[in-house]
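Close look at the chain arrangement
Here is how the chains run, residue by residue.
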Amino acid sequence: MAHIAIIGSGIAGLFAASKLADAGHNVTVVTKKRPKDSSTNWAQGGIAAILDKTNLEGMESHVQDTLRSGDGTCDEAVVRSIIQEAGERIRDLIRIGVEFEKEGDGTYSFIREGGHTTKRILHAKDATGKEIERALTSYAKHHHGIALKPNTLAIDLIQRHHGHPEKGVAGVWCLDQDTKEVVTLEADAIVLATGGVGRLWKQTTNPDVATGDGLAMAYRTGACVDDMAYIQFHPTALASTSARPFLISEAVRGVGAVLLDERGLNAWQNACDSSEKHGDPMPSPEPYSFTLDYTPEGSMATRDIVARAIDQQMKTLGTTHVHLITAHLDLPWQEKFPTIARRLEEEGLVLGKDPIPVVPAAHYMVGGVRVDEIGRAHLRDVDATMPHLYAIGEVACTGMHGANRLASNSLLEAVVYAERVAKHLIENPPETYDGNHPKWRADGLEELKEHAPIIHDRTSLVATMSEEVGIVRSNQRLKRAKRRLDLLHEEIDMMWENARPTREIVELRNLCLIGQLVVDDALSRPENRGLHYNVDLIKDGMR
Ligand code: FAD
Ligand code: SIN
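The structure reproduced in this document is the subject of the present report. Residues take numbers from 1 onward in each chain, read along the sequence in its written order. Whichever chain is written first becomes A and whichever ligand is written first becomes 1, with later ones labelled in order. The predicted nature of this model means local features are confined to residues of pLDDT at least 70 and side-chain atom pairs, given and counted, to a pLDDT of 80 or more, with totals for whole chains, interfaces and linings taken over all residues. Heavy atoms throughout the structure, all of them, feed into the side-chain values; hydrogens and water do not.

Moving on, we get to empty space enclosed by the protein. Cavity and pocket criteria rest on a 1 Å grid covering protein atoms alone: a 1.4 Å probe that fits but cannot get out defines a cavity, protein on both sides within 12 Å along at least 5 of 7 lines defines an open pocket, and an atom within 4 Å of a point defines a lining residue. Grid points are joined across faces, edges and corners, and a volume is the space filled by probe spheres set on the points. The tally for this structure, following the rule as stated, stands at 3 cavities of 30 Å³ or more. Put simply, the largest cavity is a space of about 60 Å³. For the largest cavity, the full set of lining residues is Ile-231, Phe-233, Arg-303, Asp-304, Ala-307, Arg-308, Ile-471, Leu-531 and Tyr-533. For the lining of the largest cavity, the secondary-structure elements that each account for two or more residues are strand S12 (231-238) and helix H8 (303-317). Helix and strand assignments come from DSSP, with helices taken as H or I runs of at least 4 residues and strands as E runs of at least 2, each series counted from the N terminus. If one sorts the elements of the lining of the largest cavity by residue count, H8 sits on top with 4 residues. Here the lining of the largest cavity is composed, by residue class, of 6 nonpolar, no polar and 3 charged. Under the scheme applied here, ten amino acids are nonpolar (Ala, Val, Leu, Ile, Met, Phe, Trp, Tyr, Cys and Pro), four are charged (Asp, Glu, Lys and Arg), and all others, including Gly, are polar.

Laid out in structure tokens, this is it:
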């Protein structure tokens, strides 16, 4: 049986591993920290899915919402095929042990998020990802076909013939963070499932493992990457002094929460005082929302529009955040959103009562390694795929999300493409590579004596991306970012050539490369679409 290496233990990696191992393949899953350290584990809202394939109207509506959110740039065939497959993959997750929320009558409970015209999101209260990750890691840990290797940091892919990406890959060099040694992991096929790159920005919803490693490795090996300018900022991360990022799920807006800026908050609070005096019910905050100045859908518009509206409003009023209002809603908050209620309590806030300070934060990498319809990585500049290399989940660019991902379509896309890669490898087992696996270039490399330059370079990289490559861009800012990143790249390369790898320098090298790819893609775009908004390209106002 073939040996498959999977890099990453989020939903994409673990789901693919379970399918491959069930079919008798030997799978090694390497993961940077603990298996559960992933964006998957932090996912709140849920997974969008029509369970019944005969519900054609429901599926069509999911397709249309996805296409609309993608601002006319989704690959419609990909969107349709994923949405059609959703029910089967959800049943797989349930078989593996995921427990989704049910209503009192035993039917599954569905919620709504921004950009969705109806309730179609399966969830496990407000911690859907934690439940999925729990079930998948438990399955993987108990499966004799899966070797799960924590604290193992993939550094670079090994080509079958050095300098010939068209010949494919044969393994991956990894840093064993316990022994500090670089080990060669040989494999007949490699599946990248390394997630996103939110840590390139100061404000992010992502865990610290999200540093774009898989994408950077694939790019260096000759894979094609696409759509890097489309970085999704989630409109409502908690604005807090804590270094631990926290999301306020769009599902909170899905039950009626409303976004207000400072002016809207004052006006609404005055209206509340006046109603109280007259014994009238609390007025809705909705008419006071600045979001209505940007879109008739207000706080429930798609993320690109809402995040941009917040960004604009904060700049106009000179504020650091806006407010999410829940006090007008009569809901069992603790029961429906226990994770969010608990975190707000730590901040001294009560969900269902206090205005919640929120701010947009880097959330999701829409672009990634270009893959075909079964998850095979494309070569750069050549119309062919790279043998033995696959990419699934957030690291991949399938064409589903176009220029802006619809909420809760990410977990769905990940699980569908994980299945496709597994099925392809099961039906077409890769031939075993019996050539040489070169050893890591260890000669002459020294332990880094000082970590200060790495810390300094990372701070400066993140500051550049946050200040110059955010929600609203301009040619001047993008060009400034390019100059700074090019310089940083040179310095980091010099350190890299001479130092023994550590997690810090591996991540810094990858983050810098991805920053450059984002900036280059942004500079090359001739028009504003979805998440890419350059003020120098404005033709017909804000979309
Ligand atoms: P991840 O789950 O991020 O897993 C990546 C894995 O790769 C991790 O195990 C990581 O440690 C490992 N890794 C990375 N680099 C290396 C390396 N060099 N070597 C070894 N291992 C490595 N999407 C939805 O559809 N619905 C939601 O409700 C939702 N809510 C979200 C809430 C938050 C706070 C966040 C951050 C994201 C949310 N998303 C949601 C997006 C979604 O969670 C992610 O896109 C999805 O989980 C990605 O899954 P993945 O398997 O591709 O990657
Ligand atoms: C959320 O719960 O708001 C996040 C959903 C997503 O990113 O798809």
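Following the structure, the description resumes.
Moving on, we come to the site of ligand 2. In these notes, residues near a molecule or strand are those with any non-hydrogen atom within 4 Å of it. Surrounding ligand 2, one finds Gln-44, Gly-45, Glu-113, His-234, Leu-247, Ser-249, Glu-250, Arg-303, His-363, Arg-405, Ala-407 and Ser-408. In protein, a polar contact requires one atom able to donate a hydrogen and another able to accept it; more generally it is a pair of N or O atoms within 3.5 Å, and residues adjacent in sequence count only if both atoms are side-chain atoms. In the environment of ligand 2, an oxygen atom lies 2.9 Å from a nitrogen or oxygen atom belonging to the backbone of Gly-45. His-234 has a polar side-chain atom sitting 2.8 Å from an oxygen atom of ligand 2.

Let us now look at the pattern of salt bridges. By definition here, a salt bridge exists when the distance from a side-chain nitrogen of Lys or Arg to a carboxyl oxygen of Asp or Glu is within 4 Å. Inspection of the entire model under this criterion finds 44 salt bridges. Residue Arg-220 is joined to Asp-156 by a salt bridge in which the shortest nitrogen-to-oxygen separation is 2.9 Å. Remark: Asp-156 occurs in strand S7 (residues 152-159) and Arg-220 occurs in helix H5 (residues 213-221); sequence separation between them is 64 residues. Whether a residue is buried, partly exposed or exposed follows from its accessible area with a 1.4 Å probe, protein chains only, as a fraction of its type maximum: under 20%, in between, or over 50%, in that order. The exposure class of Asp-156 is buried, given its relative accessible area of 9%. What emerges from the salt-bridge pattern is a single network uniting Lys-19, Lys-53, Glu-85, Glu-88, Arg-89, Asp-92, Arg-95, Glu-419 and Arg-420.

Attention now moves to unusual backbone geometry. With a phi close to 45°, Lys-125 is a non-glycine residue in the positive phi region. Inspection of the secondary structure assignment puts Lys-125 in the loop between strand S5 (121-122) and helix H4 (128-141). Taking the relative accessible area as the measure of exposure, Lys-125 reaches 33% and is therefore partly exposed. Positive phi outside glycine occurs at Ser-408, with the angle close to 65°. Along the chain, Ser-408 turns up in the loop between strand S19 (396-397) and helix H11 (410-427). Judged by relative accessible area, Ser-408 falls into the buried class, the value being 6%.

Let us now look at the site of ligand 1. Residues in close proximity to ligand 1 total 38 residues, the closest being Thr-40, Gly-46, Asp-213, Glu-394 and Ser-410. One of the backbone N or O atoms of Ser-39 is found 3.1 Å from an oxygen atom in ligand 1. Computed on the free molecule, ligand 1 has an accessible area of 1000 Å², of which 98% lies beneath the protein chains in the complex. At the level of elements, helix H1 (11-22), S7, strand S15 (356-365) and H11 are the ones that each hand at least two residues to the shell around ligand 1. Here the element with the most residues in the shell around ligand 1 is S7; it accounts for 3 residues. When the residues that make up the shell around ligand 1 are grouped by side-chain class, the tally is 13 nonpolar, 20 polar and 5 charged. We get accessible surface area from the Shrake-Rupley algorithm with a probe of 1.4 Å; when it comes to residues, only the shown protein chains can shield them.

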